[in-house]
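# Fold and geometry: a report
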Amino acid sequence: MKHLLKLGDLSSEEIIGLLNLADQLKYELKNGIEHHVLKGKTLGMIFTKSSTRTRVSFETGMYQLGGHPLFLSGNDLQIGRGEPIKDTARVMSRYLDGIMIRTFDQSDVEELAEYGSIPIINGLTDYCHPCQVLADLMTIREYKGHFDGLKFCFIGDGNNMANSLIVGCLKVGMSVSIACPDDYQPAEDVLEFAKSYGDKFFMTNKPLEAAKNADIVYTDVWTSMGQEEETAKRAKAFEGYQINAELMALTNEGCIVQHCLPAHRGEEITEDVLEAHAKEIFDEAENRLHAQKAVMVELMKDK
Ligand code: CP
Ligand code: NVA
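Since the structure is predicted, the reported quantities are computational estimates derived from the model, not experimental observations.

Rules used in this analysis
- Residues numbered from 1 in each chain as written.
- Chains lettered and ligands numbered in written order.
- Predicted model: local features only at pLDDT ≥ 70, side-chain atom pairs only at ≥ 80, totals over all residues.
- Heavy atoms only, no water.
- Pairing = 2+ DSSP bridges.
- Helix = DSSP H or I, 4+ residues; strand = E, 2+ residues; numbered from the N terminus.
- Axes fitted to C-alpha atoms, helices over the stretch in contact; angles between N-to-C directions.
- Contact = heavy atoms within 4.5 Å.
- Near = heavy atom within 4 Å.
- Polar contact = N/O pair within 3.5 Å; in protein donor to acceptor, adjacent residues only side chain to side chain.
- Nonpolar A, V, L, I, M, F, W, Y, C, P; charged D, E, K, R; others polar.
- Expected span 1.5 Å × (residues − 1).
- Buried < 20%, exposed > 50% of the residue type's maximum accessible area, 1.4 Å probe, protein only.
- Arc of directions from axis to C-beta.
- Areas by Shrake-Rupley, 256 points an atom, 1.4 Å probe, with all protein chains shown as cover.
- Salt bridge = Lys/Arg side-chain N within 4 Å of Asp/Glu carboxyl O.
- Right-handed = clockwise from strand over helix to strand, strands pointing away.

## Some thoughts on the sheet that holds strand β5 (residues 151-155)
Within a beta sheet, neighbouring strands are joined by backbone hydrogen bonds and run either parallel or antiparallel to one another. Sheet architecture is open: 5 strands sit in the order β7-β6-β5-β8-β9, paired in parallel fashion. Edge strands, defined here as strands with exactly one partner in the open sheet, are β7 (201-204) and β9 (256-259). Each neighbouring strand pair of the sheet contributes to a mean axis angle of 20°, computed without reference to strand direction. Relative to β9, strand β8 (residues 216-219) runs parallel, the two sharing 4 bridges. Residue pairing for β9: Val217 is matched across the bridge by Val257. Against the sheet, helix α6 (residues 160-171) touches β5, β6 (175-179), β7 and β8, its axis set at about 175° to β5.

Spelled out as structure tokens, the structure:
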């Protein structure tokens, strides 16, 4: 593994390996066992979109690993004034040991990796959010103990989260059901990938149908970063795509609820469902820290 650009690039074994390392790092942190395995290394963190969890968990994680995190706002970098990604990649490779980037176009992340000579980590693009899904999978395994035979259900926008969840959940052996409005489906290449899993993948535009007998129900905002002007149109298109008590009643006993956060209560999820499942949802947020530390160790140690 040289980069984390999207989950499709990783084998099932590589994903499980990262989850195992994340579990170990979490255990060590909770038991006061120091793990300064990235001592002397610097991670540049480029953000051209807002963030709470990604920024704070990467920054804290790098510190816990003995390294140095550097927050770089897209507006303050020369990228914001038009300096090409390929030049930025080559310059930053001379100073840093790794880059985490959150931005709009997946092609910008791929270009950084192509022209740079250091590991690149995708901290969210319009296409995918692999770091989030590693934390989600880690949390599912914590709660359920395994992936085999579990039914994972995503309700809502076929966006970056849906794209990464479909790939990640299928790769670790779960079956996946998705409910999205017809005009808001996941990316075509992701659907193509999912089709190769036969009846382990199911897509519908009926949320209640997708949620039946689910072991994990997941949702995300209806309007992602960069789509703010579509808010009203989306609110209409996603009517009925809410995780609420009626939908939860159809799921398997012990079904967990996940949300990458931030959540919009009363839209994609009700206040009562979110609060009833707050333990799982905030464990999931915590696991961003542990999962991303595993990614940084895997990519940046001994490099
Ligand atoms: N889930 C997630 O990536 O959160 P932030 O946007 O706060 O980083
Ligand atoms: N789909 C959301 C995820 C936020 C973590 C967005 O891109 O804004």
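## Details of the site of ligand 2
Neighbouring ligand 2 are the residues Leu124, Asn159, Asn160, Asp220, Val221, Ser224, Met225 and Leu261. Between Asn160 and ligand 2, the recorded distance is 2.8 Å, taken from a side-chain N or O atom to an oxygen atom. Residue Asp220 places a side-chain N or O atom 2.6 Å away from a nitrogen atom belonging to ligand 2. Residue composition of the shell around ligand 2, by class: 4 nonpolar, 3 polar and 1 charged.

## Points about the side chain of Thr88
Secondary-structure assignment places Thr88 in helix α3 (residues 85-92). The residues touching Thr88, leaving out its near neighbours within four places in the chain, are Ile79 and Glu83.

## Points about helix α2 (residues 53-64)
Taking 1.5 Å of rise per residue, the 12 residues of α2 would be expected to cover 16 Å, and the 16 Å separating its terminal C-alpha atoms lies within 8% of that figure. For α2, the complete set of buried residues consists of Thr54, Ser57, Phe58, Gly61, Met62 and Gln64. Taken end-on, α2 shows its buried residues confined to a sector of 155°, consistent with a single buried face. Backbone geometry just downstream of α2 places Gly66 in the positive-phi region, at approximately 90°.

## Observations concerning the site of ligand 1
As a structural note, the neighbourhood of ligand 1 is formed by Ser51, Thr52, Arg53, Thr54, Arg102, His129, Gln132, Cys260, Leu261 and Arg288. A distance of 2.6 Å separates an oxygen atom of ligand 1 from a polar side-chain atom of Ser51. Between Arg288 and ligand 1, the recorded distance is 3.0 Å, taken from a side-chain N or O atom to an oxygen atom. Burial of ligand 1 by the protein amounts to 95% of the accessible area it has alone, namely 250 Å². Residues belonging to the shell around ligand 1 are distributed by class as follows: 2 nonpolar, 5 polar and 3 charged.

## A short note on the sheet that holds strand β4 (residues 120-122)
Reading across from one edge, β2-β1-β3-β4 is the order of the 4 strands in this open sheet, with parallel pairing throughout. Each of the sheet's edge strands pairs with one partner strand only, and the pair in question is β2 (68-73) and β4. Strand-to-strand, the axes of this sheet are offset by a mean angle of 20°, without reference to chain direction. In this fold helix α12 (residues 278-300) packs onto β1 (42-47), β3 (98-102) and β4, with an angle of close to 155° to the strand it touches most, β4.

## Comments concerning the environment of Gly61
Here Gly61 is to be found in helix α2. Of the residues examined, Gly61 reaches a relative accessible area of 0% and is grouped as buried. Not counting the four nearest positions on each side in its chain, Gly61 is found in contact with Leu289, Lys293 and Met296.

## A few points about the pattern of salt bridges
Applying the stated criterion to the full structure yields 14 salt bridges. Where Lys26 meets Glu142, a salt bridge forms, and the shortest distance between an N and an O atom there is 2.8 Å. Remark: Glu142 occurs in helix α5 (residues 130-144) and Lys26 occurs in helix α1 (residues 12-30); sequence separation between them is 116 residues. Note on Lys26: relative accessible area 13%, which makes it buried. Residue class for Glu142 comes out partly exposed when judged on its relative accessible area of 36%. A salt bridge links Glu59 to Arg55, with the nearest nitrogen and oxygen atoms 3.1 Å apart. With Glu59 and Arg55 both in helix α2 and 4 residues apart, the pair spans about one turn of that helix. Look at Glu59 and you get partly exposed, because its relative accessible area is 27%. The partly exposed category is assigned to Arg55, whose relative accessible area is 29%. Because the salt bridges share partners, they merge into one network encompassing Lys6, Asp9 and Glu110.

## Side note on the pairing of β1
Buried residues dominate β1, accounting for 6 of its 6 residues. The alternating pattern of β1 places Thr42, Gly44 and Ile46 and Leu43, Met45 and Phe47 on opposite faces, both of which are buried. Pairing analysis gives 6 bridges linking β1 to β2, with the strands arranged parallel. Within the sheet, the bridge partner assigned to Met45 lies in β2 and is Phe71. Taken together, β1, α2 and β2 constitute a β-α-β crossover, and its handedness is right-handed. For β1 and β3, the ladder comprises 5 bridges, and the chain directions are parallel. Note that in β3 the partner of Ile46 across the bridge is Ile101.

Shape descriptors only; they carry no functional weight alone.
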